[in-house]
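Each chain, letter by letter, is given below.
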There are 2 protein chains.
Amino acid sequence: MEKKKELPLCPVETTVGLISNKWKILILRELLKGTKRFGELRSGIDGISQKVLTQNLRSMEEDGIIQRHAYPEVPPRVEYSLSDLGETLKPIISSMEQWGLGYQEMINNG
Amino acid sequence: MEKKKELPLCPVETTVGLISNKWKILILRELLKGTKRFGELRSGIDGISQKVLTQNLRSMEEDGIIQRHAYPEVPPRVEYSLSDLGETLKPIISSMEQWGLGYQEMINNG
DNA sequence: CGGTATCCACAAAGATACTG
DNA sequence: CAGTATCTTTGTGGATACCG
């Protein structure tokens, strides 16, 4: 997920790169609701495997749009939340959601 | 590119699905500038192969966001442009571009 | 609980050649 | 010019097993 740092990309690509894949969007959606534990994300996102969830969370953390907080407890507890930067994506997610709604209606009504 | 119609997806996923991949975004960027011929797109998008360009154009055409117009000439001429629906994506692309710019600056300034 | 480590499958992308 | 047809290569995700 994080191997290719060869880029300089155009701005749109940069943005898309951060949120493009299916899982990242779903993770963002969950975190927009508030802080979540790893297990909550896992069960809240239908069909995601542990590996893929971890990979995406790491990647998003590297990108600086989410924050990871591990509590030194037994059993372990790890919480994820949006960073300030991540919060600034909210308008974009919202506008995509609005557009998607309109598109789906269009499809359904023919 | 077009095999998976198994969905009902949430609105954000729908939108992301249409524009998520790297190539589609670059194609959209080109077409936002105006109508382009196949060859113009090919040379305007660095590194894209003929096959992948074709695949993505077909997919986007199916999704209804671009239009294909083939002129019955020799040699063939095929022009691509955004559909009305495609044009409505403009605000989203723009906001992603803005966000990406800010992000890149942030990265560069540390 | 929240991971990491492997192995495998399959889809997507690249390269190349050919065509209406 | 604008594709299609193949073949090969790559990579992302699924399944499983194990660990601090």
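Residues numbered from 1 in each chain as written. Chains lettered and ligands numbered in written order. Predicted model: local features only at pLDDT ≥ 70, side-chain atom pairs only at ≥ 80, totals over all residues. Heavy atoms only, no water.

Undergrad: Explain the interface of chain B and chain A here, please?
TA: A common measure of how large an interface is: the accessible area buried when the components associate. Tallying the contact residues gives 31 residues for chain B and 31 residues for chain A. Across the chain B/chain A interface, buried area totals approximately 2,700 Å², and carbon plus sulfur atoms make up 74% of it. Counting the surface chain B buries against chain A, the share from its top three residues, Val-12, Met-96 and Trp-99 of chain B, is 25%. Our count for the contact surface shared by chain B and chain A stands at 0 salt bridges. Joining chain B to chain A, the criterion identifies 10 residue pairs in polar contact (both at pLDDT 80 or more). Broken down by secondary-structure element, the contributors of at least two residues to the side of chain B that touches chain A are helix H1 (11-19), helix H2 (22-32) and helix H6 (90-109) of chain B. A per-element tally of the side of chain B that touches chain A places H6 of chain B first, with 11 residues. The class makeup of the residues in the side of chain B that touches chain A is 19 nonpolar, 7 polar and 5 charged. (Contact = heavy atoms within 4.5 Å. Buried area = accessible area lost by both parts, 1.4 Å probe. Salt bridge = Lys/Arg side-chain N within 4 Å of Asp/Glu carboxyl O. Polar contact = N/O pair within 3.5 Å; in protein donor to acceptor, adjacent residues only side chain to side chain. Helix = DSSP H or I, 4+ residues; strand = E, 2+ residues; numbered from the N terminus. Nonpolar A, V, L, I, M, F, W, Y, C, P; charged D, E, K, R; others polar.)

Undergrad: Would you mind going over the protein's contact with DNA strand C with me for this structure?
TA: Near DNA strand C you find 19 residues, and of these Gln-50, Thr-54, Arg-68 and Tyr-80 of chain A together with Lys-51 of chain B are the closest. When atoms of DNA strand C within 4 Å of the protein are split into backbone and base, the sugar-phosphate part holds 59%. Note that a phosphate oxygen of DNA strand C is positioned 3.1 Å from one of the side-chain N or O atoms of Arg-37 of chain A. Arg-58 of chain A is positioned such that a nitrogen or oxygen atom in its side chain is 3.1 Å from a phosphate oxygen of DNA strand C. Secondary structure elements with two or more residues in the surface near DNA strand C: helix H3 (38-44), helix H4 (50-63) and strand E3 (77-82) of chain A together with helix H4 (50-62) of chain B. Top contributing element to the surface near DNA strand C by residue count: H4 of chain A, with 4 residues. The residue inventory of the surface near DNA strand C, partitioned by class, reads 8 nonpolar, 3 polar and 8 charged. (Near = heavy atom within 4 Å.)

Undergrad: Help me understand the relation of the copies chain B and chain A, please; the structure alone is not making it clear to me.
TA: Between the two chain copies there is a screw-like relation: a rotation about an axis and a shift along it. After a rotation of 180° and a shift along the axis of 0.0 Å, chain B superposes on chain A with an RMSD of 0.1 Å. Both chain copies can therefore be described as sitting about a two-fold axis. Residues of chain B ranked by C-alpha distance from the rotation axis are headed by Ser-20 of chain B, positioned 2.3 Å from it. The overlap is high: 100% of the interface residues of chain B also sit at the interface in chain A, so the same surface is used on both sides. (Least-squares fit on C-alpha atoms with pLDDT ≥ 70 in both.)

Undergrad: What's the story with the packing of aromatic side chains in this structure? I'm lost.
TA: Both the distance between ring centres and the angle between the ring planes are used here to describe each pair of aromatic rings. All names here are of chain A. Considering all chains together, one arrives at 2 aromatic pairs over all chains under this definition. Look at Trp-99 and Tyr-103: their rings are 5.2 Å apart centre to centre, the planes differ by 15°, and that puts the pair in the stacked class. In this pair, Trp-99 and Tyr-103 both sit in helix H6 (residues 90-109), 4 residues apart, roughly one turn of the helix. The class of Trp-99 is buried, set by a relative accessible area of 11%. Of note, Arg-77 hangs over the ring of Tyr-71, and the distance from its end group to the ring centre comes to 3.9 Å. (Phe/Tyr/Trp six-rings, centres within 6.5 Å; stacked < 30°, edge-to-face > 60°. Buried < 20%, exposed > 50% of the residue type's maximum accessible area, 1.4 Å probe, protein only. Lys NZ or Arg CZ within 6 Å of the ring centre and 35° of its normal.)

Undergrad: Which parts of the structure should I look at to understand the packing of helix H2 (residues 22-32) of chain A against H6 of chain A?
TA: When two helices pack together, their arrangement is captured by the angle between the axes and the distance separating the axes. Residue and element names in this part refer to chain A. Look at H2 against H6: their axes get within 12 Å of each other, and the N-to-C directions meet at 115°. Relative to H6, the element H2 lies roughly perpendicular. The crossing of H2 and H6 is left-handed. Between H2, through Ile-25, Leu-28, Arg-29 and Leu-32, and H6, the contact on the second element is made entirely by Lys-90, Ile-93, Met-96 and Glu-97. Partitioning the contact of H2 with H6 into residue classes produces 5 nonpolar, no polar and 3 charged. (Axes fitted to C-alpha atoms, helices over the stretch in contact; angles between N-to-C directions. Parallel < 35°, antiparallel > 145°, perpendicular 65-115°, else oblique. Left-handed = near helix turned anticlockwise from the far one by under 90°.)

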